[in-house]
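Chain by chain, the residues:
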Amino acid sequence: MRRGLCLLGAIVAVLPLRGAEVAAPARVITLEEAYDIATATDQSIRIAYVQIRMANLLTWSALTVLGPQLSGGGEYDRNQAHANGVIVTNETSNLNFTYTQPFVNFGVFPAYHYGKLAAVAARLQQQYTIRQVLFGVVKAYYQVLSDEGVVKVDQKTIDLAAEQLDVAQKRLDVGEVTPTDALNAKVTLESAKVALIQAQNTLLLDRDTLGNMLNLGGDSGFQVVTPPDYPTTIPPFEKLLAIAYRSREDLEVGNIAIGEDIAKRGEVVAQYAPQVVGAASDSYANAHGLNGPQSQVWDANISVTMPFLTGGQREIDLKTAGEQVDIDRLERDEIAKTVEAAVRSAWLNAQSLQESLVSLRVQVDAAQESYQDEVHEYQAGTAASVDVLTALVTLNTSENSLAVQVYLYQVALRNLEEAAGVFQEQRVDREKVK
């Protein structure tokens, strides 16, 4: 009996330990790890890789115009005829092979050049995609950190509002204040609870967004940690814009698009040139069955084709191609304006946040001091409850603004590099080699 009790006690003692082993700690994902996960799993980056492989095929496609072609065919025919009671059967079979070798086709050169340009554009587009994905990750990552900061502030506000309600209720119980004080404190407390619920739901949604971006299946219970602060030096706008004009992949792709359509126009011009093709064929034929007479015919020739008139279609295609080049130049100019606007917006945003953070920190300090003073004065009976609650709401607003803008500033500093086309340059360089 004693051994049984001891065994039961041992089992009971082990159970909590086994339960503790099952509850694994939440996975901590740093920002750098988030970058690595995104570059390894993001679908748009994978698509960009496939598009590079597809673009590399265009040069081979251009060369196939000069490649040899071999075709073959066969035919068997059997028929019967009735004449004067006599059945006449005829059988014929034919087997042929044709070999064609183009020698001259001037359309190969612009088509090959177009393929080379398309491959370069695809690689640039891949780099641009990687940069965009990584910046999307950093925005989502800091959004989760910002949401966590807001939740902490709102929870603190609830605690302070509950303390104020407790003080007001005690003073009401001894007849020092009117019921209005307690009711106002209760309203403030319930409003703070509503704000916390909304902040928590926003946090859950943004965690799910980040988890999906990292292909973790949504919110998988991971934890995020605050990364080291980014360098806070904001370069002059003119320097940043010069870097953007030199580095932005989308602007380079716009320039390449002009060359691509010039090459396309060259393909149309090549239609005016002659084509030289060599061909050889060999055919075998049998008549009156397999044992009938056989014949073999072979032929070899070189032909020169010179198109003189095509009903005006070439002229239309040539004019259309020229207009497309003009459109490409205008679109390139539009991209340049978009780049300038993006750089200016990022630069002004970073400047604004940098300067406003100084004021926000002063505002939070002042709000904290004001709230503490109002609390002490209310407890001493020299201040009204509404003054305390107003100070609490002001403190909550200030701390929430600071919590949000601290992280927005870190994103804005990275946005300077993203707008200039140099965000995560080393990581993008590593990925583009693949």
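Use the structure listed above.
Procedures and definitions
Residues numbered from 1 in each chain as written. Predicted model: local features only at pLDDT ≥ 70, side-chain atom pairs only at ≥ 80, totals over all residues. Heavy atoms only, no water. Helix = DSSP H or I, 4+ residues; strand = E, 2+ residues; numbered from the N terminus. Rg over C-alpha atoms; globule rule 2.2 N^0.38 Å. Buried < 20%, exposed > 50% of the residue type's maximum accessible area, 1.4 Å probe, protein only. Contact = heavy atoms within 4.5 Å. Areas by Shrake-Rupley, 256 points an atom, 1.4 Å probe, with all protein chains shown as cover. Lys, Arg positive; Asp, Glu negative; His and termini not counted. Charge placed at Lys NZ, Arg CZ, Asp CG, Glu CD. Phe/Tyr/Trp six-rings, centres within 6.5 Å; stacked < 30°, edge-to-face > 60°. Expected span 1.5 Å × (residues − 1). Axes fitted to C-alpha atoms, helices over the stretch in contact; angles between N-to-C directions. Parallel < 35°, antiparallel > 145°, perpendicular 65-115°, else oblique. Left-handed = near helix turned anticlockwise from the far one by under 90°. Nonpolar A, V, L, I, M, F, W, Y, C, P; charged D, E, K, R; others polar. 1 Å grid on protein atoms, 1.4 Å probe; cavity = no way out; pocket = protein on both sides within 12 Å on 5 of 7 lines; lining within 4 Å. Points joined across faces, edges and corners; volume = space filled by probe spheres on them. Bend = angle between axes of the 7 residues up to and from the residue.

**Student:** I'd like a rundown of the overall build of the protein chain, residues and numbers included.
**Tutor:** Across its full length, the protein chain carries 10 helices and 6 strands. Taken against the 2.2 N^0.38 rule, which gives 22 Å for 434 residues, the C-alpha radius of gyration of the protein chain at 39 Å runs more than 25% over that of a compact globule. Seen along its three principal axes, the alpha-carbon backbone of the protein chain occupies a region of about 135 × 85 × 45 Å. A burial count over the protein chain gives 37% of its 434 residues as buried. Look at the contacts in the protein chain between residues 6 or more apart in sequence, and 81% of them connect residues 24 or more apart. Total accessible area computed for the protein chain in this model is approximately 25000 Å², and 59% of it derives from carbon and sulfur atoms. Placing the 35 positive and 53 negative side-chain charges of the protein chain at their respective mean positions leaves the two points 6 Å apart.

**Student:** Tell me about the packing of aromatic side chains, and please be specific about residues and values.
**Tutor:** A ring pair, where both rings are aromatic, is described by two values, the distance of the centres and the angle of the planes. Scanning all chains against the criterion turns up 4 aromatic pairs. The interplanar angle of 80° and the centroid separation of 6.2 Å between the aromatic rings of Y35 and F423 together place this pair among those described as edge-to-face. Of this pair, Y35 sits in helix α2 (residues 31-41) while F423 is found in the loop between α9 (385-420) and α10 (425-432), placing the two residues 388 residues apart along the sequence. The class of Y35 is buried, set by a relative accessible area of 1%. Taking the centre distance of 5.9 Å and the plane angle of 45° together, the rings of Y142 and Y407 count as tilted. Here Y142 is found in helix α4 (residues 108-173), whereas its partner Y407 is found in helix α9, with 265 residues between them in sequence. According to the relative accessible area criterion, Y142 is buried, its value standing at 2%.

**Student:** Can you tell me about the environment of S385, naming the residues and giving the values?
**Tutor:** With respect to the helices, strands and loops of the structure, S385 is situated in helix α9. The spatial distance from the C-alpha of S385 to the C-alpha of G136 is 45 Å, given a sequence separation of 249 residues. Among residues more than four places away in sequence, those in contact with S385 are Q164, D181 and Y378.

**Student:** Describe α4, with residues and values.
**Tutor:** Between the first and last C-alpha of α4 there are 96 Å, a value that for 66 residues agrees with the 98 Å anticipated at 1.5 Å per step. Just past α4, the residue G175 takes up positive phi, approximately 80°.

**Student:** Could you give an account of the packing of α4 against helix α5 (residues 179-213), with specific residues and numbers?
**Tutor:** Two elements in contact, α4 and α5, have axes separated by 8 Å at closest approach and are oriented at 160°. Of the possible angle classes, the one that applies to α4 and α5 is roughly antiparallel. As for how α4 packs across α5, the hand of that crossing is left-handed. Of the residues assigned to the contact of α4 with α5, the class counts are 24 nonpolar, 9 polar and 8 charged.

**Student:** Now, about the layout of surface pockets: what can you tell me, with residues and values included?
**Tutor:** Considering only enclosed or pocket space, the largest pocket measures out at about 200 Å³ in volume. Every residue lining the largest pocket is listed: Y230, P231, T233, P235, K239, L240, I243, L413, L416, E417, A420 and V422. Of all the elements in the fold, those that place two or more residues in the lining of the largest pocket are α6 (237-247) and α9. Of the residues belonging to the lining of the largest pocket, the class tally is 9 nonpolar, 1 polar and 2 charged. Considering only enclosed or pocket space, the second largest pocket measures out at about 150 Å³ in volume.

**Student:** Explain helix α8 (residues 313-380) to me, and be specific about the residues and the numbers.
**Tutor:** Relative to the 100 Å expected for 68 residues at 1.5 Å per residue, α8 spans 95 Å between its end C-alpha atoms, a close match to the ideal helical length. Helix geometry: α8 is bent most strongly at L357, by close to 25°. Downstream of α8 by a residue or two, G381 has a phi angle that is positive, lying close to 85°.

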